2 protein chains.
Amino acid sequence: MQRIFEIDPWKVVTHTLDKDNKRLQESMTSIGNEYMGMRGMFEEKYSDDTHKGIYLGGVWFPDKTRVGWWKNGYPAYFGKVINAVDFVSVDIKLNNSSIDLAKDKYSDFELALDMKKGLLTRSYVVEKEDAKVKVTSVRFVSADFKELYANKLSFENLGQKAVKVEVDSFIDANVFNEDANYDEHFWEVHATSNTKQGSKLVSETIKNNFGTPRFTVEMVSDHKGSFESIGAFKDETKTVNSYAKNLEVGEIADFEKRVVVVTSRDYADQTSLDKAAEELSHKQSKLSFEELQEAQANVWAKRWEKADVKIKGNDESQQGIRFNLFQLFSTYYGNDARLNIGPKGFTGEKYGGATYWDTEAFAVPLYLSLAEPSVTRNLLEYRYKQLPGAFHNAKEQGLKGALYPMVTFNGIECHNEWEITFEEIHRNGTIAYAIYNYTRYTGDTEYVTHDGFDVLVGIARFWADRVHFSQRKQVYMIHGVTGPNEYENNVNNNWYTNLLAQWCLRYAKEVSSQVSPEKLSQLGLESKELAKWEEIADNMYLPEDKELGIFVQHDGFLDKDLRPVSEIPADQLPLNQNWSWDHILRSPYIKQADVLQGIYYFIDKFTKEEKARNFDFYEQYTVHESSLSPSIYAIVAADLHKEEKAFELYSRTARLDLDNYNNDTVDGLHVTSMTGSWLAIVQGFAGMRVKDGKLFFAPFVPKQWDGYEFRINFRGRLLEVKASKDVSQVSLLEGPALTINLNGKDLELK
Amino acid sequence: MQRIFEIDPWKVVTHTLDKDNKRLQESMTSIGNEYMGMRGMFEEKYSDDTHKGIYLGGVWFPDKTRVGWWKNGYPAYFGKVINAVDFVSVDIKLNNSSIDLAKDKYSDFELALDMKKGLLTRSYVVEKEDAKVKVTSVRFVSADFKELYANKLSFENLGQKAVKVEVDSFIDANVFNEDANYDEHFWEVHATSNTKQGSKLVSETIKNNFGTPRFTVEMVSDHKGSFESIGAFKDETKTVNSYAKNLEVGEIADFEKRVVVVTSRDYADQTSLDKAAEELSHKQSKLSFEELQEAQANVWAKRWEKADVKIKGNDESQQGIRFNLFQLFSTYYGNDARLNIGPKGFTGEKYGGATYWDTEAFAVPLYLSLAEPSVTRNLLEYRYKQLPGAFHNAKEQGLKGALYPMVTFNGIECHNEWEITFEEIHRNGTIAYAIYNYTRYTGDTEYVTHDGFDVLVGIARFWADRVHFSQRKQVYMIHGVTGPNEYENNVNNNWYTNLLAQWCLRYAKEVSSQVSPEKLSQLGLESKELAKWEEIADNMYLPEDKELGIFVQHDGFLDKDLRPVSEIPADQLPLNQNWSWDHILRSPYIKQADVLQGIYYFIDKFTKEEKARNFDFYEQYTVHESSLSPSIYAIVAADLHKEEKAFELYSRTARLDLDNYNNDTVDGLHVTSMTGSWLAIVQGFAGMRVKDGKLFFAPFVPKQWDGYEFRINFRGRLLEVKASKDVSQVSLLEGPALTINLNGKDLELK
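Everything numeric here is computed off the predicted structure, so don't read it as measured data.

## Things to note about the interface of chain A and chain B
Of the residues lining the interface, 48 residues belong to chain A; the matching set on chain B comes to 48 residues. Taking both partners together, chain A and chain B bury about 4000 Å²; carbon and sulfur atoms supply 48% of that area. Contact with chain B buries area across many residues of chain A, yet Trp69, Arg472 and Asp559 of chain A alone supply 19% of it, more than any other trio. The partner of Glu417 of chain A in a salt bridge is Lys71 of chain B, with the nearest N and O atoms 2.4 Å apart. On inspection of chain A and its partner chain B, the count reaches 29 residue pairs in polar contact (both at pLDDT 80 or more). When contributions to the side of chain A that touches chain B are tallied by element, the ones reaching two or more residues are helix H8 (418-421), strand E21 (468-470), helix H15 (575-578) and helix H16 (581-586) of chain A. The greatest single-element share of the side of chain A that touches chain B, amounting to five residues, is contributed by H16 of chain A. Residue classes in the side of chain A that touches chain B are distributed as 14 nonpolar, 17 polar and 17 charged.

Have a look at this one:
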């Protein structure tokens, strides 16, 4: 654990410029509006270690696959959201010398992410070239005006002499991805132009050999404030606008940089891009920074109104949950059906921006409760639209049906580790589970019986072909898989995978009875095939150990040298940073919920004893080195009334990034895992369930807290749940009357 | 199968320049003298597809590891024998126009590898620029004068006019490896010089960051014949000597290029390199091409005298076995203890020149019989010298003892696929087995009780740490391995691996009773540790299936969808070129002898019934997509008197490259597999065994043959075995009297 920000209920704030952890500070002060986003790097020059990262949602590049040893079936490219043309950087000169906090003398440093208003603010007093100036920066990407980036720089002369302050404002296409496979630069510039007021730069992603779309991006900058234009400049890769101001002793002056960013994702051709850029520039020019800032604050206020979780008596937890919701909403708020939720959102390169099963497994349940149903529906439609890619992936492996990818932008698998790409196929089950989850929560059966059914059938057909019948054991098996626990590869009969395959086949068959005959014939689905699915499901092998009374993670797991995590010397943790891969694979240690993931998905289908025995058995071997793990364990622990354990596990997810728990937040935030703390509170501590269309709650308050409150959407209502030490209550804030169940008693809410 | 050369008992010859299979022709016409070697590319210009490959034994470069996803424990570099500075190329001009058979009109083409004399000859008649000239080339690297490359070009004017013939002779450092990870050129040139007579070029391998040695190579060319020097030239990367001759109608003229190659492997500094180059140049200059050629033929005659296998009534088989022995001896003849046997020798890049377990498993048994004991002893000492590297490899995985590498030049593991590097650890067993094999065959116990014992103890300590005790099953297990059958990865309890581990522990303990107390204490080996080894060996889990009466390849193998290879449509073979890796892994198909490899190693320890049941069971699932597989199956089949089957399997290895059986000879020859056909004949058809120091034979003659003869060294004797349809005999050609066993009867040979 490493805590470099102060505890504050609404802010992520520090008064230290931590040069050794600059990248970590940048990750944690990232901002975004789902259309675009960026890390918390400085606008002005910083010559020491820093990671400039600016990203545009859905603007990606297929980077040619790079492997040591090719395996048949590997994808041709790995898609990545590339570092956008840099529209943030400025160079600030005091008396002709650039501010560079890596070298300059400074004081009164403050860096603060205001989660309530959606602003990143920074200020410091710098002394150089016998000038002493207080610099303040406020920046945001507007949730109210998605194409707009705004940055206000204020300068106060605290010295004894007048100071010449100059600002060079850039749009610079000379950027690169640290994770580029072949050190390519991904942007080529098509046009640049300057005026005294600002500049324009039009760039396009370079050609690729894979037939995936190229993206054109147009950026138009505008500058406001009391500075005076002293020139404009452009070359092949960038534009520069220079401004200056003579700052008298005691004087305060503002400089504003605004950039409108439009892309070919939204506009058909260059003409309409130009037109849009012009109109949006005009629109923003009419608005003051204060007006823009207020609009931004209003959007965030509305979001918090619906989604805020109040935790009483524990500011650390309070800050944690808000930070997680803030970063999650900054990445995705459901306004663009073509987008999904990247595991690192706009906060880093690694896995940046691509779509993983994280969305369906961990984000969908949260968006179901905190956003309109249409938002989750969009996430489901996203997969429907990518069915052709899923068919392609299955075909690449010589299999029928649809295999959803591990990593993708367009449905085509991008990843290239055989043990993941080819084997971590349980992901397919979660795609189907999300459809079930959406239907169960919203009561909307329209999707599952139409587009959603195409997805279910594609997935069922994959499983039906992927299993094999063991003559010897007279059961269906699934060999050669990697479960959610990626510390085991190429195992046979992973219980979780087999369970999901069985469930998918049954669920698809069940739904088939509700769809139209036209749909069935359109999919060529006949009773013979349905019967085969049932036969496979009924004879699916699900490894169990009668003696221990547990489900067995996979064949052979119990043959291992089973020592609990508690016996591992502390200095060998985390294992993935201290052990060889070989050592990890042979060990019994579990990276992330595996059997427990299955129990979580179908938590009401197992007896208390089954849940308790499996939890107690697997928890002792679980190292939670995936950020997606502790929340699931926390929910099952809460279900078993292990309140202490539930809180302990919740704590590992609550401040995962704020406390750099896994020592890798430097690469970016674990955005999709940020749902974990919310799930642990709502599905865990408050025990929220949906059964047969009815909401259930059984709240308890961890002893570390005095109480908590949260709100959820449910079928046209807005509900508020309040839990305190002695009493818990659920109230209906909006919408028609509703019967829910609280602590085992039905309760009608009006 | 693809046969592009004619059948001839002593030659590999074709009268077609097969432009579509040029690389294949080049692979099969490779020559070498273990000090250096080269593919059969033309000396003169050829502008179509060709692969120029010239290699110097032991001159390698550590190429920085390239992977898609790093795994803890991966090695930093992959060693490769790099393409040497090109000393072979010439440019031949007729009336100022370069000969280029890719474009020119030609006739009477012949390309022939003379295996009896160790020469590569080529001739053709070319017509261009109203010249008609017959060109003949003879080249070899001398087995009698290892540093010398000699090439004689003869020109006969068959036209109606005089022709101006020019030859530009190069030494060119501007070469590259097609398999370079980062497209680096590996040579930097330090010095070049010319005279009319020839040139000198001194080059060194580029710097590396891994502390492995750099190699300096000095090449000195000399030119003879009736041509006249018309100039010499040099630049930063090459030297050129130009010669010309006016060839009258009907006239014949010769041009000779000779190059002396010396390296820093043999000389301490530049001064001694220069001196050696000078002396060797002087030495060769005194010898005529005919004298050199004769010396070369004499060395090969001696080799054939000892090693030739005569097959009666089948020229295809005759050519096959000679080709295999020729290429094997061209790669390694035991003259340099620092060298080993690269799977592709000097014939290609892939795996080129590095050391694999192939040496101990497949080459040692042949060299034991066909070379002096010292040759095999050198191969064993090679591993002893690399013990520090083996300790390093085990430590990288967090394990005790010695883990010999999958791929290496210096003992340090080079390979970087986790399922191979970390898991294909059975290789360690074969390193120990080779010591046992050497001791058993030669009767020399000196090695095994001294240096060899250090190796055995290092290996035993590795196994003792690598196993784990399964509380549940109360046995020792080995999880997470890849057996010889690389179509299964990360399996548990591979029978072959567990068997070898058990055997290693017992053998090391057994030998410990014969070594000196000093040795024991020097290795810190005490009775407690020996007892532990015994306890592990006695409780090692060896999967068996009582019902089928077979050893089980690994846990879960029998749960697979077990359909024989015969059910796979022909157009899907070979699997590795037609199936996804995922499909291959889940299938029951076996790439190479696995359980059968264990049965082969200890063939007299199993009952006939055990051997028969396992052979019959596994053979039906084996695709033999490794060239190392069929010979082992052939030997076990022969042992079981399945003569038809034995011959069928032998046939897959007999002409593996000559008939491009695996469709990959284009990359180079399967040098280490070339022992397979010899093993199949001697250990298979002739049933040679060594038990308690006595030789056993039980020959049969396949019905496709009339008979066969071969010779072997055994403990100071030279024996000849002759088998014909009706009778087989063994005679003593050299050395003291000896009792052997023929067809179950003891026989004293005088």
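## Quick look at the pattern of salt bridges
Inspection of the entire model under this criterion finds 139 salt bridges over all chains. One salt bridge connects Arg3 of chain A with Glu316 of chain A, and the closest N-O pair in it is separated by 3.3 Å. Of the two residues, Arg3 of chain A sits in the segment before strand E1 (11-14) while Glu316 of chain A sits in helix H4 (residues 315-331), which places them 313 residues apart along the sequence. Take Glu316 of chain A: its relative accessible area is 35%, and that puts it in the partly exposed class. In this structure, Glu619 of chain B and Lys645 of chain B form a salt bridge, with 2.9 Å as the shortest nitrogen-oxygen distance. With Glu619 of chain B in helix H18 (residues 608-619) and Lys645 of chain B in helix H20 (residues 643-654), this pair connects stretches of sequence that are 26 residues apart. Judged by its relative accessible area of 17%, Glu619 of chain B is buried. With relative accessibility at 22%, the residue Lys645 of chain B sits in the partly exposed group.

## Observations regarding the domain arrangement of chain A
Residue and element names in this part refer to chain A. Parsing chain A into structural domains produces domain 1 (4-284 + 296-306) and domain 2 (371-541). Each of domain 1 and domain 2 was reduced to a C-alpha centroid, and the two centroids are 41 Å apart. Contacts between the two partners involve 16 residues from domain 1 and, on the opposite side, 14 residues from domain 2. Carbon and sulfur atoms make up 64% of the surface buried where domain 1 meets domain 2, a total of about 1200 Å² over both sides. When the area that domain 1 buries against domain 2 is broken down by residue, the three leading residues are Tyr74, Pro75 and Phe78, summing to 38%. For the pair domain 1 and domain 2, the number of links is one salt bridge. Taking the shortest distance from any N to any O, the salt bridge between Glu372 and Lys306 comes out at 3.3 Å. Our count for the domain 1 to domain 2 interface comes out at three residue pairs in polar contact (both at pLDDT 80 or more). Here the side of domain 1 that touches domain 2 is composed, by residue class, of seven nonpolar, five polar and four charged.

Scoring rules and cut-offs
Residues numbered from 1 in each chain as written. Chains lettered and ligands numbered in written order. Predicted model: local features only at pLDDT ≥ 70, side-chain atom pairs only at ≥ 80, totals over all residues. Heavy atoms only, no water. Contact = heavy atoms within 4.5 Å. Buried area = accessible area lost by both parts, 1.4 Å probe. Salt bridge = Lys/Arg side-chain N within 4 Å of Asp/Glu carboxyl O. Polar contact = N/O pair within 3.5 Å; in protein donor to acceptor, adjacent residues only side chain to side chain. Helix = DSSP H or I, 4+ residues; strand = E, 2+ residues; numbered from the N terminus. Nonpolar A, V, L, I, M, F, W, Y, C, P; charged D, E, K, R; others polar. Buried < 20%, exposed > 50% of the residue type's maximum accessible area, 1.4 Å probe, protein only. Domains from an automatic or database assignment.

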